[in-house]
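# Structural description and commentary
The chain contents come next:
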Amino acid sequence: MSDFEVKKQMDAMVKELNQHTYNYYVLAMPTIEDYEFDKKLDELVGLENKYPEFANPNSPTQKVGGDITKNFVSVQHKWPMLSLGNTYNEQDLRDFDERVRKAIGDDFEYVCELKFDGLSISLTYENGKLARAVTRGDGSKGDDVTNNIKTIHSIPHWVKEQNIPDTFEIRGEVFMHRAAFEKLNKEREEIGEVPYANPRNFAAGTVKMQDSKEVSKRPLDCFLYGLNSEKQLFKTHWESLENVKKWGFPVCEHTQISQNIDDILAFIAQWEEKRFKLSYDIDGIVIKVNNYAQQQELGFTAKSPRWAISYKYKAAEVETVLEKVTYQVGRTGAVTPVANLEPVLLAGTTVKRATLHNADEIKRLNLHEKDTVYVEKGGEIIPKIIKVNLDKRIANAKPIAYVTHCPECGSRLVRKEGEVAYYCLNEDGCPPQIVGKIQHFIGRKAMNIDGLGDETIENFYQKGLIANIGDLYTLHTKAQELKQIERFGEKSIENMLKGIEQSKQMPFEKVLFGLGIRYVGETVAKKLAKGVKTINNLANASLEELIAIDEIGIRIAESIKEYFSKTEHLAQIEFLKTEGLQFEIKENSIPLQSDKLNEKTFVISGVFEKHSREELKIIIEENGGKILSGISAKLNYLVAGDNMGPSKLEKATKLNIPLIDEDELMKMVE
Ligand code: IVH
């Protein structure tokens, strides 16, 4: 290769790796596997060592990665937030161990920790109070996301310990438990939002949200793994972990001291299997020299400490053959391609199918018929195809062509501008959409109809008993047909009909959610019900009027307008009205979010940091609590902000009424 070509190749690698870094850190949408990224980075390091004269100053080898989002205040880290060197095999680890021994001798120990797959966070406490929470950003500056981080229950807002430094910084990883991820991601899919690829991305996307109220609805968690302060309080990392645990910080229990590399290898081997039983994702193990003085002796490179390294697990991965691509049509008409695979054993389960997400993913993989593919599985998440083994591609294999028509009803598929999914628009004539909509309507969060389940709905539809939600309310006239259905005894029929009858009392916001209007999820339905009060007002509201409602944006407003522009929908609502369903909220009634504050009374006083008094009042009432006009013995809580009137405080103290702040109130309702 000529010098010119070498330089060109190195620059191209810098560009490519920087793009991947940007996708990972800023967009929270990774476009390359970690392992592949590290391999490419190693290659670049090799070239930079060989040709230092061509090294590009923008090279990712010179930066930690990451970037800063515009909409947060940027904060300089007191101690730069570096990254860790990655290893993937025993030899790399032995090399690391040798480097450490060369520098500090043989008298030391390691701490082994899990490597949590989330995003790193720096928490600064001043005089015991959580003053700032900052993302890693580019390593030297990050985003101030304090309000969002304060929604994480396990992170203390106050540390009330003697002997803690005036100022200290504690670092850790924010993540989302897999179960929460799967539940929330499914909800996103159900209301037509693009699902996140994994819990890490969901957590990263959440921490970067502008609205902390939204963040509080997405449960995040955190493990802390590092303490920094001007004056060193402890001699070892282990001692720090033990102490911060006592101060009230969440520290992972699966941490151990290791005397040598064999110990470490045993820890790694143990977690290679056991990691799938954890409730959260880890992508490796972190190994740290325990003693701080020895850490200092070892020091840092430009990017990472010399006293720590990570061992990354390769995702459980196997090769298999793509048999065919099939397409699922969801309730909203969104079409999802699914890879049907030759069955193969992967991380203890037989895999037959993998998600392909959308048409872009098929293109990205450049998937051809009968391709041999690599399938990967992380935790409980549905396996996915990571790449094709091109060496095994069959000669003249045809590329997978995305379906042009709905596999269920034959309508032409449409891709709306700005969306990744193709849609079947035949919502009232496409079987899985019809069945999906009825299933949604009877679901727990909507009408919660006892005695009816998804399978029964499917069955009733197949038998021609129902074709829309209105038909549920005519089932009582079809006793003869119902009796013919296998395994559906008299008692079941009675229960079901009773459940259907009772559903007529469900409040307006539940009915509204049950209608399945695109983008109208549970929360949006509550906001709309509160904002418009009646279905007629909703149907007649202009775009501007809709957008004026709290939390309703243009996308939701347009979807509502579209829904009510269809005469079939209006006719269905009219029918449901005649059946006695609730299409308005009772005057002065606030749709309940929960009954967590039932029978509890509150007085709100003072000025608050995160909410207005009016907002706090709504939160209390939405959760079943009552606001009292003054302090009396009947009062359960005084929600106290800054500058509260001294007489109120005195009276409350005399009556022994507990004072709570806005965070404590939020905890009570979450
Ligand atoms: S210690 C100098 N400990 O991994 C960096 N990091 O690849 C010290 N991570 O940015 C970090 N679990 O976000 C450390 N137990 C653990 C970790 C951990 C996950 C993340 C962290 C860091 C990245 C480095």
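Residues numbered from 1 in each chain as written. Predicted model: local features only at pLDDT ≥ 70, side-chain atom pairs only at ≥ 80, totals over all residues. Heavy atoms only, no water.

## Overview of the pattern of salt bridges
The criterion, for reference: Salt bridges, as used here, are contacts in which a Lys or Arg side-chain nitrogen is within 4 Å of a carboxyl oxygen on Asp or Glu. Only DSSP runs of H or I with at least four residues qualify as helices, and only runs of E with at least two residues qualify as strands; both kinds are numbered from the N terminus onward. Residue burial is assigned from relative accessible area. The probe radius is 1.4 Å, only protein chains are included, and a residue is buried under 20% of its type maximum, exposed over 50%, and partly exposed in between.
Under the counting rule described, the total for this entry stands at 31 salt bridges. Residues aspartate 97 and arginine 101 are paired through a salt bridge, measuring 2.9 Å at the closest nitrogen-oxygen approach. A residue pair is termed a helical-turn pair when its members lie 3 or 4 positions apart in one helix, as aspartate 97 and arginine 101 do in helix α3 (residues 90-104) at four residues. You can call aspartate 97 buried: its relative accessible area is 9%. For arginine 101, a relative accessible area of 23% translates into the label partly exposed. In this structure, the salt-bridge partner of aspartate 283 is lysine 312, at a minimum N-O distance of 3.6 Å. Of this pair, aspartate 283 sits in strand β10 (residues 282-289) while lysine 312 sits in strand β11 (residues 308-312); the two residues are 29 residues apart in sequence, bridging distant segments of the chain. For the pair shown, aspartate 283 and lysine 312 are each scored as buried. Linked through salt bridges whose partners overlap, the residues forming this network are Glu90, Arg94 and Asp262.

## Structural notes on the sheet that holds strand β19 (residues 601-605)
Put simply, the test is: Strand pairing follows a simple DSSP-based rule, namely that at least 2 bridges must link the two strands. For this analysis, residues touch if any pair of their heavy atoms sits within 4.5 Å. Interaxial angles span 0 to 180 degrees and are taken between N-to-C directions of axes, which are lines fitted to C-alpha atoms, for helices over the stretch in contact.
Reading across from one edge, β20-β19-β21-β22 is the order of the four strands in this open sheet, with parallel pairing throughout. Since the sheet does not close on itself, it has two edges, and those belong to β20 (626-627) and β22 (659-660), each with one partner. Here strand β21 (residues 637-640) pairs with β22 via two bridges, running parallel. Of the residues in β22, the one forming a bridge with leucine 638 is leucine 659. Those strands touched by helix α22 (residues 613-622) are β19, β20 and β21, and its axis lies near 170° from that of β19.

## Remarks on the site of the ligand
Under the convention used in this document: Only a single heavy atom is needed: when it lies within 4 Å of a molecule or strand, its residue is near that molecule or strand. Identification of polar contacts relies on pairs of N or O atoms within 3.5 Å, with a donor-acceptor requirement for protein atoms, meaning one able to donate a hydrogen and the other able to accept it, and with residues adjacent in sequence counted only if both atoms are side-chain atoms. Each accessible area is a Shrake-Rupley estimate made with a 1.4 Å probe; only the visible protein chains count as cover when residues are assessed. As a working rule, the residues Ala, Val, Leu, Ile, Met, Phe, Trp, Tyr, Cys and Pro are called nonpolar, Asp, Glu, Lys and Arg charged, and the rest polar, with Gly in that last group.
Every one of the 14 residues lining the ligand counts as a neighbour, but Glu113, Leu114, Glu173, Tyr225 and Lys288 are closest to it. One nitrogen or oxygen atom from the main chain of leucine 114 is found 3.0 Å from a nitrogen atom belonging to the ligand. With respect to the ligand, the side chain of arginine 136 contributes an N or O atom lying 3.5 Å from an oxygen atom. Across the complex, the protein chains shield 87% of the 520 Å² of accessible surface that the ligand would expose by itself. Contributing elements (two or more residues each) for the shell around the ligand: β3 (110-116) and β10. Looking at the shell around the ligand, the element that brings in the most residues is β3, giving four residues. For the shell around the ligand, a count of residues per class yields seven nonpolar, two polar and five charged.

## Topic: the nonpolar core
Definition in use: Among buried residues, those of type Ala, Val, Leu, Ile, Met, Phe, Trp, Tyr and Cys that are joined through side-chain atoms within 4.5 Å constitute a nonpolar core.
Counting residues in each nonpolar core, the largest one holds 54 residues, and the members touching the most others are Phe460, Leu472 and Leu528. Contributions of two or more residues to this core are made by α12 (431-442), α13 (454-462), α15 (490-502), α16 (508-514), α17 (522-532), α18 (535-540), α20 (554-564) and α21 (567-578). Leucine 528 has contacts with Leu512, Val520, Lys533, Leu538, Leu546, Ile549, Ile552 and Ile560, leaving out every residue within four places of it along the chain. One finds Val159, Ala204, Val207 and Leu220 within the second-largest nonpolar core, a separate group that totals 37 residues.

## Describing the packing of α22 against helix α24 (residues 662-669)
This is how the line gets drawn: Comment on the angle field: the value is read as roughly parallel under 35 degrees, roughly antiparallel over 145, roughly perpendicular from 65 to 115, and oblique elsewhere. Helix crossings get a hand from a simple test, with the near helix turned counterclockwise from the far one by less than a right angle marking a left-handed crossing and a clockwise turn marking a right-handed one.
In contact at an axis separation of 10 Å, α22 and α24 are set at 25° when each is read in the N-to-C sense. When the interaxial angle is binned, α22 and α24 end up roughly parallel. The handedness of the crossing between α22 and α24 comes out as left-handed. Across from Leu616, Ile619 and Ile620 in α22, the residues of α24 making contact are Glu662, Leu665, Met666 and Val669.

## Points about the environment of glutamate 126
With respect to the secondary-structure elements, glutamate 126 resides in strand β4 (residues 119-126). With 39 residues separating them along the chain, glutamate 126 and proline 165 place their C-alpha atoms 8.4 Å apart. In this view, glutamate 126 contacts Ala131, Arg132, Asp166 and Thr167; residues no more than four positions away in its chain are not counted. Side chain to side chain, glutamate 126 and arginine 132 meet in a polar contact 3.2 Å long.

## Observations regarding α17
All of the buried residues in α17 are Val524, Ala525, Lys526, Lys527, Leu528, Ala529 and Val532. Where α17 is buried, its residues touch α16, α18, α19 (543-547) and α20. Lysine 533 sits one or two residues past α17 and shows a positive phi near 70°.

## Regarding the packing of aromatic side chains
Both the distance between ring centres and the angle between the ring planes are used here to describe each pair of aromatic rings. Note the following rule: In summary, the pairing rule links any two rings of Phe, Tyr or Trp, Trp by its six-membered ring, whose centres are within 6.5 Å, and it sorts them by plane angle into stacked for under 30 degrees, edge-to-face for over 60 and tilted for everything else. Whether a charge sits over a ring depends on NZ of Lys or CZ of Arg being within 6 Å of the ring centre and within 35 degrees of the ring normal.
For the structure shown, the criterion picks out 25 aromatic pairs. When the centroid spacing of 5.9 Å and the interplanar angle of 20° are considered together, the rings of tyrosine 51 and phenylalanine 54 count as stacked. With a relative accessible area of 12%, phenylalanine 54 lands in the buried category. Where phenylalanine 175 meets tyrosine 280, the ring centres are 5.2 Å apart and the plane angle is 45°; that geometry is what we call tilted. Of the two residues, phenylalanine 175 is situated in strand β7 (residues 167-175) and tyrosine 280 in the loop between α9 (261-274) and β10; the sequence distance between them amounts to 105 residues. The pair phenylalanine 175 / tyrosine 280 is uniform in exposure class, with both members buried. A connected cluster of aromatic rings, assembled from ring pairs, spans Tyr125, Phe168, Phe234, Trp247 and Phe249. The positively charged end of lysine 274 is found above the aromatic ring belonging to tryptophan 271, 4.5 Å away from the centroid. The ring of tyrosine 519 has arginine 555 lying over it, and the distance from NZ or CZ to the ring centre is 3.9 Å.

## Looking at the sheet that holds strand β8 (residues 221-228)
Within the open sheet, the four strands sit side by side as β5-β4-β7-β8. Their pairing is antiparallel. Edge strands, defined here as strands with exactly one partner in the open sheet, are β5 (129-135) and β8. The sheet shows a mean angle of 30° between the axes of neighbouring strands, direction not considered. With eight bridges joining them, β4 and β7 adopt antiparallel strand pairing. Looking at β7, one finds that threonine 124 is bridged to glutamate 169. Seen against the sheet, helix α8 (residues 237-246) touches β7 and β8 and runs at an angle of roughly 130° to β8.

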